[in-house]
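One letter stands for each residue in the lines below.
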Amino acid sequence: ASSQGPLAAWEKQAFAVPEREPLKPIASKDRYVRSNETELQMYATHVAGLGQGYAGVGADQNYTIMAMAGTAFGWMMDYDPWVARLHKVYRAVVIESATADDLIALWPQKVKVQEALRKHYPDATEQAEVIELYQKFVNWLKPYLGWSWKRKRQGQGNTWLSNPTYYQHIRRMFQEGRIQALPGDLHGEQVLRGIGAAARRLGIAIRIVYLSNAEMYLPYSKAFITTMQSLPVDEKSLLVRTVRGGGYPMLGDNWHYNVQPFQKDYV
């Protein structure tokens, strides 16, 4: 699969995941629209050059990992529909911002961002949803985005906003329609399996499955196991996760950054 360039009509159709599933109501304390995983550079040498497909949960930390890997097609899902909707907001702002510096300058300009959201989402219902979400989180996310923009390790930007190469990769993916965000449950039987089906239609492997720290709270249900066994992976595919607890080496943010061979070990 090509990692850049406009998608052909068949690729657009194949990439789309129409599957949906019922989701449980979300408490405010369980909404994670920003990441607290600060040392994502730990993954860089492990995921570099993997390309092909990516399936992950959560917010913009996915962009950093996809950029490190040179991902060609990225699917993100979350049990919180607001997180999936936030990716739509980021899409419009990223496309309108040639550089990360431009994005940081644009983000708090409410009139301009809302104009961009109307431009990119002409459907009235979708437009209202993304504008409402932006208004709700614009001020709360501003310091987080500024922090991510300045984030460096050993003099090198280690986030999608602090590393210009990473930013350009993500911007190109958004421009070319290579990122898709979906509300979905890891224990459901529709969305993640739909992502696997889309990857098969495209003829690619899912090279990274990123679960953040979801496994700390969710048991391995039969549905979850069946889904993981069904994903189209290959010998290069990795499970990427964070773990917190005694016995694991952890960095300053108190996360252990873990990669595991997906096909030969995790499954």
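Keep in mind that this is a model prediction, so the values were computed, not measured.

S.K.: Quick question: what am I supposed to make of the overall build of the protein chain here?
M.R.: Scanning the protein chain for helices and strands turns up eleven helices and eight strands. In terms of overall size, the protein chain behaves like a compact globule, its C-alpha atoms giving a radius of gyration of 18 Å where 267 residues would be expected to give roughly 18 Å. Each principal axis of the C-alpha atoms in the protein chain carries an extent, and together these give about 50 × 45 × 40 Å. Within the protein chain, the fraction of its 267 residues that count as buried is 55%. By sequence separation, contacts in the protein chain at least 24 residues apart represent 73% of the contacts at least 6 residues apart. Carbon together with sulfur atoms contributes 52% to the accessible area of the protein chain, which is approximately 12300 Å² in total. The positive charge centre, built from 31 side chains, and the negative charge centre, built from 25, are 3 Å apart in the protein chain.

S.K.: I'm lost on the sheet that holds strand S2 (residues 73-78) in this one. Help?
M.R.: Remark on secondary structure: sheet strands pair via backbone hydrogen bonds, oriented parallel or antiparallel. The strand order S5-S2-S1-S6-S7-S8 describes an open sheet built from six strands, whose pairing is mixed. Each edge of the sheet is formed by a strand with only one pairing partner; in this case those strands are strand S5 (179-183) and strand S8 (256-261). With strand direction ignored, the average angle separating the axes of adjacent strands in the sheet is 15 degrees. Sheet strands in contact with helix H9 (residues 191-202) are strand S1 (53-57), S2, S5 and strand S6 (206-212), and its direction is about 175 degrees off that of S2.

S.K.: Hey, could you run me through the packing of aromatic side chains in this one?
M.R.: The geometry of an aromatic ring pair is captured by the separation of the ring centres together with the interplanar angle, meaning the angle of the planes. Inspection of every chain in the model, using the stated rule, returns 16 aromatic pairs. Ring geometry for Phe15 versus Trp75: centroids 5.1 Å apart, planes at 50 degrees, classification tilted. Linking Phe15 in helix H1 (residues 9-15) with Trp75 in strand S2, this pair joins segments that are 60 residues apart in sequence. Residue class for Phe15 comes out buried when judged on its relative accessible area of 5%. With 5.9 Å between their ring centres and 70 degrees between their planes, Trp82 and Phe137 make a pair best called edge-to-face. Taken as a pair, Trp82 in helix H4 (residues 81-95) and Phe137 in helix H7 (residues 124-150) lie far apart in primary sequence, 55 residues in all. Trp82 gets classed as partly exposed once you look at its relative accessible area, which sits at 23%.

S.K.: Please explain the nonpolar core as it appears in this structure.
M.R.: Nonpolar side chains in soluble globular proteins tend to end up buried together. Core analysis: the biggest nonpolar cluster contains 54 residues, and Val47, Val89, Trp107, Leu117, Trp160, Ile170 and Ile208 have the highest contact counts within it. At nine residues, H7 tops the list of elements feeding residues into this core.

S.K.: It is not clear to me how H4 should be interpreted in this structure. Could you clarify?
M.R.: Taking 1.5 Å as the rise per residue, H4 with 15 residues should run 21 Å; its terminal C-alpha atoms sit 22 Å apart, in good agreement. Most of H4 is tucked away: eleven of the 15 residues are buried. Among the residues of H4, Val83, Ala84, Arg85, Leu86, His87, Val89, Tyr90, Ala92, Val93, Val94 and Ile95 are the ones counted as buried.

S.K.: Can you help me understand unusual backbone geometry in this one?
M.R.: For residues besides glycine, phi is generally negative; the peptide bonds are generally trans as well. Non-glycine residue Gln52 carries a positive phi angle of around 50 degrees. Of note, Gln52 is situated in the loop between helix H2 (44-47) and S1. Residue classification places Gln52 among the partly exposed positions, given a relative accessible area of 25%. Even without being a glycine, Gln154 presents a positive backbone phi close to 55 degrees. Its location among the elements puts Gln154 in the loop between strand S3 (152-153) and strand S4 (156-157).

Basis of the calculations
Residues numbered from 1 in each chain as written. Predicted model: local features only at pLDDT ≥ 70, side-chain atom pairs only at ≥ 80, totals over all residues. Heavy atoms only, no water. Helix = DSSP H or I, 4+ residues; strand = E, 2+ residues; numbered from the N terminus. Rg over C-alpha atoms; globule rule 2.2 N^0.38 Å. Buried < 20%, exposed > 50% of the residue type's maximum accessible area, 1.4 Å probe, protein only. Contact = heavy atoms within 4.5 Å. Areas by Shrake-Rupley, 256 points an atom, 1.4 Å probe, with all protein chains shown as cover. Lys, Arg positive; Asp, Glu negative; His and termini not counted. Charge placed at Lys NZ, Arg CZ, Asp CG, Glu CD. Pairing = 2+ DSSP bridges. Axes fitted to C-alpha atoms, helices over the stretch in contact; angles between N-to-C directions. Phe/Tyr/Trp six-rings, centres within 6.5 Å; stacked < 30°, edge-to-face > 60°. Core = buried A, V, L, I, M, F, W, Y, C linked by side-chain atoms within 4.5 Å. Expected span 1.5 Å × (residues − 1).

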